[in-house]
Amino acid sequence: MKKIVFKLILAALPLSFVACSDDDGPRPEPEMVTVSNGVFVVNSGNLRSNIPGSLTFIDYVTGQASQDAFKTANGRVLGDTPQNAVVYGSKMYIAVYQSNLIEVVDRVSLKSLKTISFESTTGSQPRFVLAHGGKVYASMYDGYVQRIDTISLSVDGAVKVGPNPEEMCVAGDYLYVANSDGMNYQNGYADGCTVSKVALGSFTEEKKINVGVNPTKMASNGSEVFVLTMGDYSEENPATVRQIIGDQVKAIAPATLMAIHEKQLYFINAPYGAPQIDYKVLDLTSQSITSLPVSGVDSPAGIAVEPVSGEIFISSYEMVGGYASYKTPGYINQYKADGSLVKRYSTGVAPCYINFNIAEVAK
Amino acid sequence: MALAAFCVCLHGHAGASAAVPDSLRTKTDTVVSGRMLPEVTVEASSRKADRSTAPKFELGASSLKAIGATDISSALKRLPGINLKDYGGAGGMKTVAVRSFGAAHTGVVYDGVTLSNNRSGEVDLSRYSLDNVGSLSLIIGDNDDIFRPARSIASASSLVISSAPTVADVDSLWLTAQMRAGSFSMLNPFMKVGTSRSSGLSVNFIGEFTHALNDYPFTLRNGIYSSRERRKNSLMNSGHGEINLTLPTGSASSLTSKIYYYDNGRQLPGPVIYYNPQCNERLRERNAFAQTLWRATLSDKVSLRITGKFNWEASLYDDVNGRYPGGRLDQDYFQREVYASGVALWLPAPNLAFSYAADFAYGNLSSNLPQEVGPSRYTILQALTGRYRTGRLTATASLLGSIYLNRVQKGSEARDNNRLSPSASISFQPIAAYDWRLRASYKSIFRVPTFNESYFFHYGSTDLLPETTQQFNIGTTLGFSPARWLPRVALTADAYLNEIDDMIVGVPYNMFVWTMVNLDKVRAMGVDVTLSADVRLAASHKLEWNLNYSYQRSKPLTDKNSAEYGKQVAYIPLNSGGGSVAYTNPWVDLVVKAIGVGPRFATNSNIPDTRIAGYVEVGISLRRSLSIRGHLWEATFDIDNIFDKQYQVIARYPMPGRSWRLSLKFQL
């Protein structure tokens, strides 16, 4: 790990030179730019098979994936079934669902800075974290969103949503929360047909928008908002990506995974039992959907688009006997924006979420 | 091994008849021409090599003492070839898988009737306390005991639990009362009271209760750190009552009946989750049954055995957690079954025996789940078995015809199944002067999908085929008395090849929804060895050694291109074994015992992170009996895991460290 840390510092050094070298003339507001030096893959592991969750880090400079990056940095495991992570400022926040905590780490050294655990009645069992405006928002599986101040690293507010909120996104002054009702599958996700629209200023739920059965994933580029409803796994109710426009919802196409990058919405449709996997891109300007010639993925687990390069990363389970294995390590593929394969890296078990080691630096 | 030195009373008490192997029964039946023997002390057989044609490992009452068994799990661990899944502590579930087959392939026979669990297919053995167990035996494949119901040969192997026989004077009231206390706030009173009349009528009542906090400490290792933790949410209260009645129905027939009730309420500590000790799961299990068994020797050529049983079971699970609708999850399951069996044994010639068994069962399941389909199953089993036996040769062959018919109240039903399953076995004594036998056996059998596998909402699949198994075994048994100071040495060694195909496993739809498919294929090769010996040190000073060792190489062969192909199947140790020595003397009997299990993996792909370390667990047991004014008092003190070894059988379920228990028994 020391090696990786060293490389990370090395990788970051030129950026700091760039940031400091331009000293002539008057000093206007520095123009900020996003830089990225690697990919984090959150592996949820498999509690039943005694596989704790882990973090894989792919270093752009070395082109290598290092497994168990959290454990290497901290000497202990990340926890059980981590779900996702967000890099914000100098830190990364990792939602560890079954361990009921959010791990706050330094995004470069990956050393734990604080472990936030939840015992309160206003939310436990974090599923998803996102960062916005100096706060980190965490959806809690028992029906709340908690707000964490990124300076004090403590909870400073909570709002009831749900049931069983999953992913979230921010557009304008609102936080959108997918209420999956995932624990109520025996009753057909009866209460899980909505997205909560939470006003960020007052931190209250303004309304629940009806979106379709079992919404789990959300994406936004800051203005347009998309939700992915998983349906009830029946033919009548397939997984579908939908756009939320005001309080109205428009179905776009069948999809099981999605990622947004500027004016492009990438989505994958890999429903259970389907012989093929569809990869598509919706151009938000022209509203046209085109196919993406992606190959080499067995059973996609996650998709993300690198914010700087526009490259596409798709993680996958390995197959055993023709079925996705949730007990064996998976992998992640790196593609150019046109869908051509760049490289494959191995990951931990169940690589369910992908994010990037990004930073905002002055140009 | 030891058909034990306990008294076998053919017209005795409920259950004892099941403890009597057919080899003995037939002998007595033939010898005395259908007359019931009063009480036969079977001392001789304990010195003989095992004559069983297929592996049979028996722990009778004296063996259970000699191995220092303190509870059912410590006894099961000493049976070779067993993979005991033990979730730890008094309340932890314990299921038995044999030679790489899943636990649902092990039939559990309790006092002559095979237990069923249509819902999960597995029987939790933690409910049987050793206090009332007279013998425990494991039969792998089909052996030469052919006077058995068809259901008891419808599984790959059988674990036969038989209630303790009562040895008491006729026409008296007898009573056994026992109090036990142990670590982690365990308290366990037990009482058995009954009477036997000279008419042959006998009746007894058993009652027991167990309270245990089970909050034992354990060491949690996490990377370079380790911390001392305690099991939480682990309390158990469990009660069990029985009435047994034996009624002579003629000079050569008798009826034994049992009414049984069991009620266990416990908290479930769940798996150890890193950084999160919160757990609120609870489970209450209730079981009531009534069974009756009529045995009759109709002539010196024909015997009959008729069994009937009604079984009711409830499994009431709840969990309190904000993530559930209404903050609470309640899953209540109810199972009922009626079962009837008839077996006829025909001895047309001195060396020849045939049996025909016909079993019928109807079982159903209901629950409070909104998507419950209300499944039921008719099972019709018929078995025809033949046996040829001389003093030196025993050969058996049998054919089992199975019909499983599935019905549901709503929705679609699982496939019906009809199959023929053969088995054959042979045992041969090469040299008449030596008590040395060779044996070989083959069995092909299957198990039908459980109700959970077929119907559980989303997860179940009604398209499933049965899991099929093939077993080949060759072995040898040897018994000899080399010296006066070494009056008995008994050895068994068996090698086997087991195959399982169409194994039912869960595969994901996605993270939340899984479904069941017939997928896995496993081949296992292994060796089981047992050795026992008595050493006479002096008059009334005796050592009894019991050793068992198993080697098991179990390969997943599902997918050549996958990471798990050819590795070792999850939870199967390559090496495991146990040993004990009992020192019997006029003062305090002492048993020192050890169990060792090699490292295992929690995954078929043998990911290094999922390795579970091997362990050796050592215990001692002290026992002293006293006769005070004609009444027997017995005190037993056990220390288990004396070196406080921290280990796990199932990953994330730590086992207790050092613990003690003290029992005081009184017999009127």
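Since the structure is predicted, the reported quantities are computational estimates derived from the model, not experimental observations.

**Student:** I'd love a proper account of the pattern of salt bridges, names of residues and values included.
**Tutor:** Within the structure shown, the criterion is met by 42 salt bridges over all chains. Of the charged contacts, one joins Asp-156 of chain A and Lys-135 of chain A as a salt bridge, the two residues approaching to 2.6 Å between their closest N and O atoms. With a gap of 21 residues between them, Asp-156 of chain A in strand β11 (residues 154–160) and Lys-135 of chain A in strand β9 (residues 135–140) connect regions that are remote in the sequence. Of the charged contacts, one joins Glu-453 of chain B and Arg-447 of chain B as a salt bridge, the two residues approaching to 2.9 Å between their closest N and O atoms. Judged by its relative accessible area of 10%, Glu-453 of chain B falls in the buried class. The exposure class of Arg-447 of chain B is buried, given its relative accessible area of 10%. Shared partners join several salt bridges into a network, and the residues in it are Lys-135, Arg-147, Asp-149 and Asp-156 of chain A.

**Student:** Got a sec to walk through the state of the cysteines? Specific residues and values, please.
**Tutor:** Enumeration over the complete set of coordinates arrives at zero disulfides over all chains. Between Cys-169 of chain A, a cysteine without a disulfide, and Cys-193 of chain A, which holds the nearest cysteine sulfur, the sulfur-to-sulfur distance is 18 Å.

**Student:** So what's going on with the sheet that holds strand β7 (residues 112–117) of chain A? Which residues, and what values?
**Tutor:** All names here are of chain A. Spatially, four strands are ordered β4-β5-β6-β7 in an open sheet, and the strand pairing comes out antiparallel. One side of each edge strand has no neighbouring strand; the edge strands of this open sheet are β4 (82–88) and β7. Geometrically, the sheet is characterised by an average inter-axis angle of 15° between neighbouring strands, direction not taken into account. In this structure, β4 lies alongside strand β5 (residues 91–96), joined through six bridges in antiparallel fashion. Across the sheet, the residue bridging to Val-87 is Met-92, located in β5.

**Student:** Could you give an account of empty space enclosed by the protein, naming the residues involved and the relevant values?
**Tutor:** All names here are of chain B. Counted under the stated rule, the structure contains 18 cavities of 30 Å³ or more. Space inside the largest cavity adds up to approximately 440 Å³. If you go around the largest cavity, you meet 25 residues; those closest to its centre are Ala-104, Leu-115, Ser-116, Gly-121 and Tyr-404. Looking at the lining of the largest cavity, the elements with two or more residues in it are β6 (106–110), β21 (375–389) and β24 (436–447).

**Student:** Could you give an account of a nonpolar patch on the surface, naming the residues involved and the relevant values?
**Tutor:** Residues and elements named next belong to chain B. Together, Met-191, Val-203, Phe-205, Ile-243, Leu-245 and Ile-259 make up a nonpolar patch on the protein surface, roughly 470 Å² of accessible area in all. Broken down by secondary-structure element, the contributors of at least two residues to the nonpolar patch are β12 (202–212) and β15 (236–250). Relative to the helices and strands, Phe-205 resides in strand β12.

**Student:** If you had to explain the sheet that holds β6 of chain B to someone new, which residues and values would you point to?
**Tutor:** The five strands lie next to each other as β3-β8-β9-β6-β7 (chain B), forming an open sheet whose pairing is mixed. Only two strands of the sheet have a single partner each, and these edge strands are β3 (56–59) and β7 (113–114) of chain B.

**Student:** Requested: an account of the packing of aromatic side chains, with residues and values cited.
**Tutor:** Applying the stated criterion to the full structure yields 23 aromatic pairs over all chains. Summarising the aromatic geometry, the rings of Tyr-97 of chain A and Tyr-141 of chain A are spaced 5.3 Å apart at their centres and angled 85° between planes, so their arrangement reads as edge-to-face. With Tyr-97 of chain A in the loop between β5 and β6 (101–106) and Tyr-141 of chain A in the loop between β9 and β10 (144–149), the pair connects residues that are 44 residues apart, well separated along the chain. Per residue, the accessibility class of Tyr-97 of chain A equals that of Tyr-141 of chain A, and both read buried. Each ring, one from Trp-633 of chain B and one from Phe-666 of chain B, has its centre 4.7 Å from the other, and the planes form 50°; the classification is tilted. Taken together, the residues Trp-633 of chain B in strand β34 (residues 631–640) and Phe-666 of chain B in strand β37 (residues 659–667) connect sequence positions 33 residues apart. Grouping aromatic residues by their ring pairs yields a cluster made of Tyr-110, Tyr-128, Tyr-260 and Phe-289 of chain B. The ring of Tyr-333 of chain B carries Arg-119 of chain B above its face, with NZ or CZ at 4.0 Å from the centroid.

Definitions and cut-offs
Residues numbered from 1 in each chain as written. Chains lettered and ligands numbered in written order. Predicted model: local features only at pLDDT ≥ 70, side-chain atom pairs only at ≥ 80, totals over all residues. Heavy atoms only, no water. Salt bridge = Lys/Arg side-chain N within 4 Å of Asp/Glu carboxyl O. Helix = DSSP H or I, 4+ residues; strand = E, 2+ residues; numbered from the N terminus. Buried < 20%, exposed > 50% of the residue type's maximum accessible area, 1.4 Å probe, protein only. Disulfide = S-S within 2.5 Å. Pairing = 2+ DSSP bridges. Axes fitted to C-alpha atoms, helices over the stretch in contact; angles between N-to-C directions. 1 Å grid on protein atoms, 1.4 Å probe; cavity = no way out; pocket = protein on both sides within 12 Å on 5 of 7 lines; lining within 4 Å. Points joined across faces, edges and corners; volume = space filled by probe spheres on them. Patch = residues over 30% accessible without salt bridge, like charges linked within 9 Å, V, L, I, M, F, W, Y side chains within 5 Å. Areas by Shrake-Rupley, 256 points an atom, 1.4 Å probe, with all protein chains shown as cover. Phe/Tyr/Trp six-rings, centres within 6.5 Å; stacked < 30°, edge-to-face > 60°. Lys NZ or Arg CZ within 6 Å of the ring centre and 35° of its normal.

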